[in-house]
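So you can see what is in the structure, the chains are spelled out below.
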Amino acid sequence: MELTINGRKTTVDDAAVAPEMPLLWVLRDVLNLTGTKFGCGIAACGACTVHVDGQATRACVTPVGSVAGQPIRTIEALGSPEAPHALQQAWVQHNVPQCGYCQSGMLMAAAALLQKNPRPSDADIDAAITNLCRCGTYPRVRAAIHTAAALMQPGKKA
Ligand code: FES
Ligand code: FES
């Protein structure tokens, strides 16, 4: 099966990867992209959020065969230490992470939101970011999304 992950075409062995295997397993266990986390396995927590064709998608309940041929983006491609995404800059500024476990999913959900809605209100953020955080970082997540949205306005460096 051929997958398009972080802008690269990747072939996975059909003998090892059945079409119904969750995308999360393929990312973590086959491709060693371990930035995407396993939390609940039932689409409840959002720790496994990636983008499929720009949409925030819970990889734990997404059969890999259903996304073959579509662009998949994981946290590994959101930014880099040298060129962090505006959200990553804002996350640092607001000291968002505590234990950190939920945070790659939070960031991917936030990135999908800002792609659709560049200036979300608190209500828009609360409606779009349904990820769970056991450490209760929700107020900081909200504040950091507003900061990132401001950084991403035209003329600002994201
Ligand atoms: S691990 Fe996928 S939503 Fe919790
Ligand atoms: S930072 Fe610990 S679960 Fe969210």
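Residues numbered from 1 in each chain as written. Chains lettered and ligands numbered in written order. Predicted model: local features only at pLDDT ≥ 70, side-chain atom pairs only at ≥ 80, totals over all residues.

**Q** Explain the sheet that holds strand 3 (residues 49-52) to me, using residue names and the numbers behind them.
**A** Here 5 strands make up an open sheet; going across it, the order is 2-1-5-3-4 and the pairing mixed. Of all the strands in the sheet, the pair left with one neighbour each is strand 2 (8-11) and strand 4 (55-58). Averaged over all neighbouring strand pairs, the angle between strand axes comes to 40°, with direction disregarded. Note: strand 1 (residues 2-5) against strand 5 (residues 71-73), 2 bridges, orientation parallel. Bridge assignment links Ile5 to a residue of strand 5, and that residue is Ile72. Contacts between helix 3 (residues 103-116) and the sheet are confined to strand 3 and strand 4, with strand 3 contributing the most and set at about 35° to the helix. (Pairing = 2+ DSSP bridges. Helix = DSSP H or I, 4+ residues; strand = E, 2+ residues; numbered from the N terminus. Axes fitted to C-alpha atoms, helices over the stretch in contact; angles between N-to-C directions. Contact = placed C-beta atoms within 7 Å.)

**Q** Lay out the packing of helix 2 (residues 86-93) against helix 5 (residues 138-151) in plain terms, naming residues and giving numbers.
**A** For the pair helix 2 and helix 5, the least separation of the axes is 8 Å and the interaxial angle reads 135°. Considering the angle they form, helix 2 stands oblique to helix 5. Remark: the crossing between helix 2 and helix 5 carries right-handed chirality. Residues Ala86, Leu87, Gln89, Ala90, Trp91 and Gln93 of helix 2 form the contact with helix 5, whose participating residues are Ala144, Thr147, Ala148 and Leu151. Taken together, the residues that form the contact of helix 2 with helix 5 break down as 7 nonpolar, 3 polar and no charged. (Parallel < 35°, antiparallel > 145°, perpendicular 65-115°, else oblique. Left-handed = near helix turned anticlockwise from the far one by under 90°. Nonpolar A, V, L, I, M, F, W, Y, C, P; charged D, E, K, R; others polar.)

**Q** Describe the nonpolar core, naming the residues involved and giving the relevant values.
**A** In terms of nonpolar packing, the biggest core is built from 41 residues, with Leu87 and Ala110 touching the most fellow members. Where this core is concerned, the elements lending two or more residues are strand 1, helix 1 (23-30), helix 2, helix 3 and helix 5. With 9 residues, helix 3 is the single largest residue contributor to this core. Counting the residues that make up this core, at least three belong to each of domain 1 (2-76) and domain 2 (86-151). When near neighbours in sequence (up to four residues on either side) are disregarded, Leu87 contacts Leu107, Ala110, Ala111, Ala144 and Ala148. (Core = buried A, V, L, I, M, F, W, Y, C linked by C-beta atoms within 7 Å. Buried ≥ 20, exposed ≤ 12 C-beta atoms within 10 Å, placed from the backbone. Domains from an automatic or database assignment.)

**Q** Give me the domain arrangement of the protein: which residues, what numbers.
**A** Considered domain by domain, the protein is made up of domain 1 (2-76) and domain 2 (86-151). Centre-to-centre separation of domain 1 and domain 2, based on C-alpha positions: 21 Å. Those elements giving two or more residues to the side of domain 1 that touches domain 2 turn out to be strand 3 and strand 4. The element best represented in the side of domain 1 that touches domain 2 is strand 3, accounting for 3 residues. Its residues assigned to classes, the side of domain 1 that touches domain 2 comprises 6 nonpolar, 7 polar and 1 charged.

**Q** Account for helix 3, naming residues and giving values.
**A** Between its terminal C-alpha atoms helix 3 stretches 20 Å, which fits the 20 Å expected from 14 residues at 1.5 Å a residue. Taken residue by residue, helix 3 has Gln103, Ser104, Gly105, Met106, Leu107, Met108, Ala109, Ala110, Ala111, Ala112, Leu113 and Leu114 as its buried positions. Where helix 3 is buried, its residues touch strand 3, strand 4, helix 2, helix 4 (122-128) and helix 5. (Expected span 1.5 Å × (residues − 1).)

**Q** If you had to explain the environment of Ala128 to someone new, which residues and values would you point to?
**A** Counting through the fold element by element, Ala128 comes out in helix 4. Ignoring any residue separated from it by four or fewer positions in sequence, one finds Ala128 in contact with Ala109, Leu113 and Pro120.

**Q** Any chance you could break down the packing of helix 2 against helix 3 for me, citing the residues and the numbers?
**A** Where helix 2 contacts helix 3, the axes come no closer than 10 Å and their chain directions differ by 130°. In this view, helix 2 runs oblique relative to helix 3, as classed from their interaxial angle. When you trace helix 2 past helix 3, the crossing you get is right-handed. Here Leu87, Gln88 and Trp91 of helix 2 come into contact with helix 3, specifically with Leu107, Ala110 and Ala111. Here the contact of helix 2 with helix 3 is composed, by residue class, of 5 nonpolar, 1 polar and no charged.

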